[in-house]
Amino acid sequence: MAADPFNEVKGEVEAAIAQLSGNPSWTASKIQEVVEQVEFDLGMLDESIERAQVNPAKFGLTNAQVDSRRMFVRGVRQKLSAYRPSATNRSGNSQQEQRNQLLGNSKERAVQQAAAAAALRDENDDFIGGEQLQRALIEREQDDVLDDLGQSVTRLGAMGV
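For the structure given in this document, a descriptive report is provided here. (Residues numbered from 1 in each chain as written. Predicted model: local features only at pLDDT ≥ 70, side-chain atom pairs only at ≥ 80, totals over all residues. Heavy atoms only, no water.)

What follows covers the packing of aromatic side chains. Enumeration according to the criterion identifies one aromatic pair in this entry. Seen in terms of ring centroids, Phe-6 and Phe-72 are 6.3 Å apart; in terms of plane orientation they differ by 75°. Their pairing is edge-to-face. With Phe-6 in helix H1 (residues 5–22) and Phe-72 in helix H3 (residues 63–81), this pair connects stretches of sequence that are 66 residues apart. Summarising the burial analysis for this pair, Phe-6 and Phe-72 share the class buried. (Phe/Tyr/Trp six-rings, centres within 6.5 Å; stacked < 30°, edge-to-face > 60°. Helix = DSSP H or I, 4+ residues; strand = E, 2+ residues; numbered from the N terminus. Buried < 20%, exposed > 50% of the residue type's maximum accessible area, 1.4 Å probe, protein only.)

Right, let's talk about a negative patch on the surface for a bit. Together, Glu-141, Asp-143, Asp-144, Asp-147 and Asp-148 make up a region of like negative charge exposed at the surface. What makes Asp-147 partly exposed here is its relative accessible area of 48%. (Patch = residues over 30% accessible without salt bridge, like charges linked within 9 Å, V, L, I, M, F, W, Y side chains within 5 Å. Areas by Shrake-Rupley, 256 points an atom, 1.4 Å probe, with all protein chains shown as cover. Salt bridge = Lys/Arg side-chain N within 4 Å of Asp/Glu carboxyl O. Lys, Arg positive; Asp, Glu negative; His and termini not counted. Charge placed at Lys NZ, Arg CZ, Asp CG, Glu CD.)

Another point: the pattern of salt bridges. This structure, assessed with the given rule, holds four salt bridges. A salt bridge links Asp-67 to Arg-70; the nearest nitrogen and oxygen atoms lie 3.5 Å apart. Note that Asp-67 and Arg-70 are positioned in helix H3 at a spacing of three residues, about one turn of the helix. Residue Arg-70 is classed as partly exposed on the basis of its relative accessible area of 24%.

Next up on the list: the nonpolar core. Val-13, Val-38, Leu-42, Val-76 and Leu-80 are the most contacted members of the largest nonpolar core, which totals 18 residues. Among the elements of the structure, H1, helix H2 (28–54) and H3 are those that each provide at least two residues to this core. Not counting the four nearest positions on each side in its chain, Val-13 is found in contact with Val-38, Asp-41, Leu-42, Leu-45, Phe-72 and Val-76. (Core = buried A, V, L, I, M, F, W, Y, C linked by side-chain atoms within 4.5 Å. Contact = heavy atoms within 4.5 Å.)

What follows covers H3. Taking 1.5 Å per residue, 19 residues should reach 27 Å; H3 reaches 27 Å between its end C-alpha atoms and fits that length. Along H3, the residues that are buried comprise Val-66, Arg-69, Phe-72, Val-73, Val-76 and Leu-80. Looking straight down H3, one finds that the buried residues subtend no more than 115° of arc, so they occupy a single side. Opposite the buried face of H3, at more than 90 degrees from it, the exposed residues are Asn-63, Ala-64, Met-71 and Gln-78. Those residues of H3 hidden inside the fold are in contact with H1 and H2. (Expected span 1.5 Å × (residues − 1). Arc of directions from axis to C-beta.)

Turning our attention to a nonpolar patch on the surface. On the surface, Leu-146, Leu-149 and Val-153 cluster together into a nonpolar patch covering about 300 Å² of accessible area. Residue position: Val-153 is located in helix H5 (residues 106–160).

Let us look at the side chain of Asp-41. With respect to the element layout, Asp-41 can be found in helix H2. Ignoring anything within four residues of it in the chain, the contact list for Asp-41 reads Val-9, Glu-12 and Val-13.

Glancing now at the packing of H1 against H3. Viewed as axis vectors pointing N to C, H1 and H3 meet at an angle of 20°, and their least axial separation amounts to 12 Å. In terms of axis orientation, H1 runs roughly parallel to H3. In this structure, H1 meets H3 at a crossing whose hand is left-handed. In this structure, H1 uses Phe-6, Lys-10, Val-13, Glu-14, Ile-17 and Leu-20 to contact H3, whose residues at the interface are Arg-69, Phe-72, Val-76, Lys-79 and Leu-80. Broken down by class, the residue content of the contact of H1 with H3 amounts to seven nonpolar, no polar and four charged. (Axes fitted to C-alpha atoms, helices over the stretch in contact; angles between N-to-C directions. Parallel < 35°, antiparallel > 145°, perpendicular 65-115°, else oblique. Left-handed = near helix turned anticlockwise from the far one by under 90°. Nonpolar A, V, L, I, M, F, W, Y, C, P; charged D, E, K, R; others polar.)

Laid out in structure tokens, this is it:
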């Protein structure tokens, strides 16, 4: 009879947990990598436990063995909680969820950016419109001054003749 796949994965998980506790000099990213791999393996073990629970006799297991396997998975998850990075808070939010909370939902952020861009565009349009109006008023004043100056030159020319 072939070896029980649960026991093989269980051995890998136990070895990974031993590595985590035996290597305090590992970087946070290395620890996170091992934790993620163990969590993946635990997910696979969960699936096998669920299948075995439906019909334990089919897999040559007793209900006590199925419960024992479930307790093993639960115990490993508790051990892993000590190795999870501080970026995961106690409420169980994943790093991605926290990143979204800090940065804002990408859809919300896009809407906010679009609103900010529209407000900036409106403000720029108002400024440009005000500047154009002021420029038109200055040109009109200059035209009036030039008209007055032209009339004065014409009068002086008429007097000089």
